[in-house]
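Examination of the molecular architecture
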Amino acid sequence: MYALTTLTTLATLITATLAGPVVERLPNHPGLGRIVKRGEGVHLVNCVNYSAVVYCANDSDCNHFPGSGNQCIPDGGGITHWEGGDKRCTFPGTGTEFKWNIRSDAQSQANYVNVGTGNNGFHGFTIFKDDKHVMYKDGNGNACSSIYYALP
Ligand SMILES: *[C@@H]1O[C@H](CO)[C@@H](O)[C@H](O)[C@H]1NC(C)=O
Ligand SMILES: *[C@@H]1O[C@H](CO)[C@@H](O)[C@H](O)[C@H]1NC(C)=O
């Protein structure tokens, strides 16, 4: 009986572990889990009165404004509803379109948890809930906070 209970507990533990969220720890995101090597990244940010999709060639070095060519304003301005369904934004400089799909309950998930997918026409991205740290201040002094980040 004891052995059976132990086995059942073990099986439950394993199942919970396998079904658990994908967690990554980032150099500038003091979170849980394993440290991953960073390359390019895309941040979905809110800057007080508008939202922006921001491309960082080196996501380990992305706590500054990456330049207007690397910024795309979705929905023509205002604060975007990032979650729920297929959404997209086209970077004006390059014409690159970034598409994303974030689960509608993403904000109720823990930070750094996988909450969606993205694609820039070259390859796919995995999207994680971010901790809303301020990445930079824009030209008006508005703080821009990272709501989600996408990694290849
Ligand atoms: C946001 O507010 C600033 C003033 O802080 C204003 O100059 C700017 O036009 C506003 N932007 C949008 C997109 O509403
Ligand atoms: C990316 O930025 C990090 C942190 O500043 C730096 O250590 C690393 O060398 C950079 N990688 C590249 C490829 O420039």
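Check the entry above for the structure.
Residues numbered from 1 in each chain as written. Chains lettered and ligands numbered in written order. Predicted model: local features only at pLDDT ≥ 70, side-chain atom pairs only at ≥ 80, totals over all residues. Heavy atoms only, no water.

This part covers unusual backbone geometry. One non-glycine residue, Val48, adopts positive backbone phi at about 65 degrees. Residue position: Val48 is located in the loop between strand 3 (41–46) and strand 4 (51–56). Here Tyr112, not a glycine, exhibits a phi torsion of approximately 70 degrees, which is positive. (Helix = DSSP H or I, 4+ residues; strand = E, 2+ residues; numbered from the N terminus.)

Looking now at the site of ligand 2. Surveying the vicinity of ligand 2 reveals the residues Asn58, Ser60 and Asp61. Here Asn58 contributes a side-chain N or O atom positioned 2.4 Å from an oxygen atom of ligand 2. Bound to the protein, ligand 2 loses 25% of the 360 Å² it would expose on its own. (Near = heavy atom within 4 Å. Polar contact = N/O pair within 3.5 Å; in protein donor to acceptor, adjacent residues only side chain to side chain. Areas by Shrake-Rupley, 256 points an atom, 1.4 Å probe, with all protein chains shown as cover.)

So, on to the pattern of salt bridges. In this structure the tally under the stated criterion is two salt bridges. In this structure, Arg103 engages Asp105 in a salt bridge whose closest nitrogen and oxygen atoms are separated by 2.5 Å. Relative accessible area serves as the criterion here: at 37%, Arg103 is assigned to the partly exposed category. (Salt bridge = Lys/Arg side-chain N within 4 Å of Asp/Glu carboxyl O. Buried < 20%, exposed > 50% of the residue type's maximum accessible area, 1.4 Å probe, protein only.)

So, on to the state of the cysteines. For the structure shown, the criterion picks out three disulfides. Residue Cys56 pairs covalently with Cys62 via a disulfide, S to S 1.7 Å. We classify Cys56 as buried; its relative accessible area is 3%. A relative accessible area of 2% means that Cys62 is categorised as buried. Put simply, Cys72 and Cys89 are joined by a disulfide, and their sulfur atoms are 1.8 Å apart. Between Cys72 and Cys89 the sulfur-sulfur dihedral comes to about -105 degrees; the bridge is accordingly left-handed. Of the two residues, Cys72 is situated in strand 5 (residues 71–72) and Cys89 in strand 6 (residues 86–90); the sequence distance between them amounts to 17 residues. What connects to what in the protein chain, once the bonded cysteines are numbered by sequence position, is 1-6, 2-3, 4-5. (Disulfide = S-S within 2.5 Å.)

Before going further, it helps to spend a moment on the site of ligand 1. Close contacts around ligand 1 come from Asn49, Tyr50, Asn140 and Asn142, and that covers them all. Interatomic distance of 2.2 Å between a side-chain N/O atom of Asn49 and an oxygen atom of ligand 1. Burial of ligand 1 by the surrounding chains reaches 40%, relative to a free accessible area of 360 Å². Of the residues assigned to the shell around ligand 1, the class counts are one nonpolar, three polar and no charged. (Nonpolar A, V, L, I, M, F, W, Y, C, P; charged D, E, K, R; others polar.)

Below, the discussion takes up the packing of aromatic side chains. For the structure on display, the rule yields five aromatic pairs. For the ring pair Trp82 and Trp100, a centre distance of 5.6 Å and an interplane angle of 55 degrees mean the geometry is tilted. Remark: Trp100 occurs in strand 7 (residues 97–102) and Trp82 occurs in the loop between strand 5 and strand 6; sequence separation between them is 18 residues. Judged by relative accessible area, which is 3%, Trp100 ranks as buried. Aromatic side chains Phe98 and Phe125 sit 5.4 Å apart centroid to centroid with 80 degrees between the ring planes, which places their arrangement in the edge-to-face category. Of this pair, Phe98 sits in strand 7 while Phe125 sits in strand 9 (residues 124–129), and the two are 27 residues apart along the sequence. Each member of the pair, Phe98 together with Phe125, is buried. (Phe/Tyr/Trp six-rings, centres within 6.5 Å; stacked < 30°, edge-to-face > 60°.)

That's the geometry; what it means functionally is another story.
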